[in-house]
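Spelled out from the first residue to the last, the chains are:
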Amino acid sequence: MSKKPAPKPSRSGATGLQNPTNPQQRTYSIPDWRAERPDFRIEQVREGEQVRYVVHGDLSAPAPPVRESKYLTREQHIELYRWMLLNRRMETALENLYKQGKVVGGVYFGLGQEACSCASAMALRKDEWLGPMIRNQGAMLVKGFSARDIMMQYMAKAGSPTFGKDASSHFGDIHERHVVSPISTLGDLIPVLTGVALGARLQGRNIAVMTWIGDGGQSTGVTYEGLNFAAVQKLGLVLFVENNIWAYSTPTDQQFLCKDLAERAIAYGIPGLIVDGTDACQVFDAAHEACERARRGEGPTLIEAKMMRMKGHAIHDAAQYVPRPLFDYWTRRDPIARFENYLVNVKKWLTADDNAKLIADVERQLEEDRDFAVNSPMPDPASTPLETWCDGCHEIKLTYDVPRYPNENKDAALKKHEAAVHLK
Ligand SMILES: Cc1ncc(C[n+]2csc(CCOP(=O)(O)OP(=O)(O)O)c2C)c(N)n1
Ligand SMILES: [Mg+2]
């Protein structure tokens, strides 16, 4: 009997298999790590000139248990819990500051999404990069911005990351923390972060870069272009698709027709994966594996994190269009309450006392940061033109090494680079 030839390695990262009984058919698989598969549908109902949304399905199930992490140490679990608490409490403080008239612009909340925001960013190394969206303030905390920085930013204070020139979330740090400032045009961060990974590769390193996109934002053309380029070039982009059921007031049932957004990975030829975005362990493990793949130079990964936006789009939106049973269902899946229960009651890694101390410590730190931010000065009007335009005043430092072709002489490459960025 002749031996079956070994299957040719797949060109793509997606796991396409020939159906043995029907060679004209191929099947693809999308791993789904969730412990439950909520099954509901949101219907738009017209009533005269009004529309409202009705939810169909069984929403009575209790929250499932947290999935054990393969990678997080006990200390990292507690660190992650702390970040999530700080993320939530800081947003509550910002809401209060807004209501006191101290916030200059709007405020966006990541309520219910703290596990996704914090656990994903924790998988990055210190010298790797992220580009946050509006609900990723937790990721900014993990990457080294303090609650003080973020509160001062929202109040447009002179000491804020943008010196009071932006009163919202458009700030980053390309020198120390490796954070690309958010771009409001949805999807545009994807090619930018892909470009960061390309830049690192030209400097001889395969790194992981991370960004997030919503269930609404992923419909944009630039999402396709950016991710397709990353796929073809095998650049280490880790893309979290934060499926939180709403894009402003448009529910996912009116945004896309495929069952899960992770399926879109198949069309790019890259791995796709579904996780429960309210389970910090699932989010971290998925991010960790995707980052490792990125560091091996194997290309991007698309991770769909399912959860719900537990407030309106921003502080001005009361989210009255969201059917109440959905809030009840996702409140039972609160990422912080679930993680707290896991650490205190399941793993017993925190006693009730330790937990109370940890919460009190987060509160104390926030109070200090809030008082500092509130009492710090507004910018001097004379500083308006400063730090606004760059006419060559910023030195562009190389992060990893000199960009060069594989056999290019390093000194020659450095000269070329210096000429290109006008270094003095
Ligand atoms: C290209 C583009 N179109 C429209 C907008 C306006 N806009 C800002 S946020 C938003 C909704 C985004 O929903 P989603 O992507 O699901 O993210 P979520 O707010 O749920 O986190 C829209 C339409 C924009 N910023 N950019
Ligand atoms: Mg959304």
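As the structure is a computational prediction, the values presented were derived from the model and not from experiment.

Draft legend 1. View of the overall build of the protein chain. Within the protein chain, the secondary structure is distributed over twelve helices and eleven strands. Over its C-alpha atoms the protein chain spans a radius of gyration of 23 Å, differing by no more than 12% from the 22 Å that the globule rule assigns to 424 residues. C-alpha extents for the protein chain along the principal axes are approximately 85 × 65 × 55 Å. When the 424 residues of the protein chain are sorted by exposure, 48% land in the buried category. In the protein chain, once contacts between residues fewer than 6 apart in sequence are set aside, the share between residues at least 24 apart is 73%. Surface exposure of the protein chain reaches about 21,400 Å², of which carbon and sulfur atoms provide 53%. For the protein chain, the distance from the average site of its 52 positive side-chain charges to the average site of its 53 negative ones is 5 Å.

Draft legend 2. Just the site of ligand 1, in detail. Taken together, 13 residues are adjacent to ligand 1, and Arg135, Ser184, Gly217, Asn244 and Trp246 come closest. One of the side-chain nitrogen or oxygen atoms of arginine 135 is found 2.8 Å away from an oxygen atom of ligand 1. For ligand 1, the accessible surface in isolation is 580 Å², of which the surrounding protein chains cover 71%. Partitioning the shell around ligand 1 into residue classes produces four nonpolar, seven polar and two charged.

Draft legend 3. Quick look at the packing of helix H5 (residues 189–202) against helix H6 (residues 221–233). Taken N-terminus to C-terminus, the directions of H5 and H6 make an angle of 20°; their axes are 8 Å apart at the nearest point. Taken together, H5 and H6 sit at an angle that is classed as roughly parallel. Judged by the twist between their axes, the crossing of H5 over H6 is left-handed. Contact residues: Ile190, Pro191, Thr194, Leu198 and Arg201 in H5; Val222, Thr223, Gly226, Leu227, Phe229, Ala230 and Gln233 in H6. The residue makeup of the contact of H5 with H6, split by class, is seven nonpolar, four polar and one charged.

Draft legend 4. Structural detail: the confidence of the model for the protein chain. The predicted model of the protein chain has a mean per-residue pLDDT of 93, with 96% of residues at 70 or higher. Note that pLDDT drops below 50 for residues 5–13; the model gives that stretch five contacts with residues more than four away or on any other chain.

Draft legend 5. Structural context of the coordination of the magnesium ion (ligand 2). Only Asp215 (OD), Asn244 (OD1) and Trp246 (O) from the protein reach the magnesium ion (ligand 2) as donors, at distances of 2.1 to 2.2 Å. Linear spacing of the donor residues for the magnesium ion (ligand 2) on their chain is D-x28-N-x1-W. On the criterion of sequence distance, the pair formed by aspartate 215 in the loop between strand E6 (209–214) and H6 and tryptophan 246 in strand E8 (residues 246–247) is long-range, its members being 31 residues apart. Look at aspartate 215 and you get buried, because its relative accessible area is 1%.

Draft legend 6. Representation of the pattern of salt bridges. Applying the stated criterion across every chain yields a total of 31 salt bridges. Arginine 82 is the partner of aspartate 361 in a salt bridge, and the nearest nitrogen-oxygen pair spans 2.5 Å. Taken together, the positions of aspartate 361 in helix H11 (residues 352–375) and arginine 82 in helix H1 (residues 74–99) put the pair 279 residues apart, joining distant regions of the chain. A salt bridge links arginine 364 to aspartate 361; the nearest nitrogen and oxygen atoms lie 2.6 Å apart.

Draft legend 7. Structural detail: the layout of surface pockets. Taken as a whole, the largest pocket holds about 1,100 Å³ of empty space. Taken together, 35 residues line the largest pocket, and the ones lying closest to its centre are Trp129, Asp173, Ile174, His175 and Ile396. Broken down by element, the residue count for the lining of the largest pocket peaks at five residues, all from H5. For the lining of the largest pocket, a count of residues per class yields 16 nonpolar, 13 polar and six charged. Volume-wise, the second largest pocket comes out at about 540 Å³. Around the second largest pocket, the lining comprises 21 residues; the ones closest to its centre are Pro38, Phe40, Lys259, Asp260 and Lys306. Residue contributions to the lining of the second largest pocket peak at three residues, all from strand E3 (residues 40–47). The residue makeup of the lining of the second largest pocket, split by class, is ten nonpolar, two polar and nine charged.

Draft legend 8. Layout of the packing of aromatic side chains. Under the counting rule described, the total for this entry stands at eight aromatic pairs. Pairing tyrosine 329 with tryptophan 330 gives two aromatic rings, centres 5.2 Å apart and planes at 80°, and the pair type is edge-to-face. Across the pair, tryptophan 330 and tyrosine 329 agree in class, each one buried. Each residue in the set Phe40, Tyr329 and Trp330 is aromatic and connected to the rest through ring pairs, giving one cluster.

Draft legend 9. View of the packing of helix H4 (residues 147–154) against H11. Here H4 crosses H11 at 35°, and the two axes come no closer than 9 Å. For the pair H4 and H11, the sense of crossing is right-handed. Mapping the contact onto sequence places Ala147, Arg148, Met151 and Met152 in H4 and Leu366, Asp369, Arg370, Phe372 and Ala373 in H11. Here the residues of the contact of H4 with H11 are counted per class, giving six nonpolar, no polar and three charged.

Draft legend 10. Quick peek at empty space enclosed by the protein. The tally for this structure, following the rule as stated, stands at two cavities of 30 Å³ or more. Estimates place the volume of the largest cavity at around 60 Å³. If you go around the largest cavity, the residues you meet are Pro132, Met133, Ile134, Asn136, Gln137, Met140, Ser169, Phe171 and Pro182. Its residues placed into classes, the lining of the largest cavity shows six nonpolar, three polar and no charged. The computed volume of the second largest cavity comes to approximately 40 Å³. Looking at the second largest cavity, the residues that line it are Arg34, Glu36, Pro38, Asp276, Thr278, Lys306, Trp330 and Arg333. When its residues are assigned to classes, the lining of the second largest cavity shows two nonpolar, one polar and five charged.

Each value, and the rule that gives it
- Numbers given to residues run from 1 along each chain, matching the order in which its sequence is written.
- Just so you know, chain letters begin at A and ligand numbers begin at 1, following the order they were written in.
- This being a predicted model, a pLDDT of at least 70 is required before a residue's local features are given, and a value of 80 or more before pairs of side-chain atoms are given or counted; all residues contribute to the totals for chains, interfaces and linings.
- In computing side-chain properties, one takes all heavy atoms of the structure into account and sets aside hydrogens as well as water.
- The helix count covers DSSP runs of H or I at least four residues long, the strand count covers runs of E at least two residues long, and both are numbered beginning at the N terminus.
- Restricting the calculation to C-alpha atoms gives the radius of gyration, and the globule rule supplies 2.2 Å times the number of residues raised to the power 0.38.
- Summary of the burial criterion: residues with accessible area below 20% of their type's maximum are buried, those above 50% are exposed, and those between are partly exposed, where the area comes from a 1.4 Å probe applied to protein chains only.
- Only heavy atoms enter the contact rule, under which two residues are in contact if any of them lie within 4.5 Å.
- The method behind every accessible area is Shrake-Rupley, applied with a 1.4 Å probe, and residues are considered shielded solely by the protein chains displayed.
- Positive charges are assigned to Lys and Arg, negative charges to Asp and Glu, while His and the chain termini are left out of the count.
- Note on charges: their place is set at NZ of Lys, CZ of Arg, CG of Asp or CD of Glu.
- Whether a residue is near a molecule or strand is decided by its heavy atoms; if any one of them lies within 4 Å of it, the residue is near.
- Pairs of N or O atoms are called polar contacts if they sit within 3.5 Å, as long as, within protein, a hydrogen donor faces a hydrogen acceptor (for residues adjacent in sequence, only side-chain-to-side-chain pairs).
- Polarity classes work like this: nonpolar for Ala, Val, Leu, Ile, Met, Phe, Trp, Tyr, Cys and Pro, charged for Asp, Glu, Lys and Arg, and polar for all others, with Gly in that last group.
- What counts as an axis is a line fitted to C-alpha atoms, over the stretch in contact for a helix, and the angles between N-to-C directions run from 0 to 180 degrees.
- Each angle receives one of four descriptions, namely roughly parallel if under 35 degrees, roughly antiparallel if over 145, roughly perpendicular if within 65 to 115, and oblique otherwise.
- By convention the crossing between two helices is left-handed if the near helix lies anticlockwise of the far one by an angle smaller than a right angle, and right-handed if it lies clockwise.
- Values of pLDDT, the confidence the predictor places in each residue, fall between 0 and 100.
- In this description, a donor is an N, O or S atom within 2.8 Å of the metal centre, a cutoff extended to 3.2 Å for sodium, potassium and calcium. Water is not part of the atom list, which can make sites seem incomplete.
- Definition used for salt bridges: Asp or Glu carboxyl oxygen within 4 Å of a side-chain nitrogen of Lys or Arg.
- Both cavities and pockets are sets of points on a 1 Å grid over the protein atoms alone; in a cavity a 1.4 Å probe fits but cannot get out, in a pocket the set is open with protein on both sides within 12 Å along at least five of seven lines, and lining residues sit with an atom within 4 Å of a point.
- Grid points are joined across faces, edges and corners, and a volume is the space filled by probe spheres set on the points.
- The pairing test for Phe, Tyr and Trp rings, Trp by its six-membered ring, is centres within 6.5 Å, and the orientation test on the planes gives stacked under 30 degrees, edge-to-face over 60, and tilted for anything in between.

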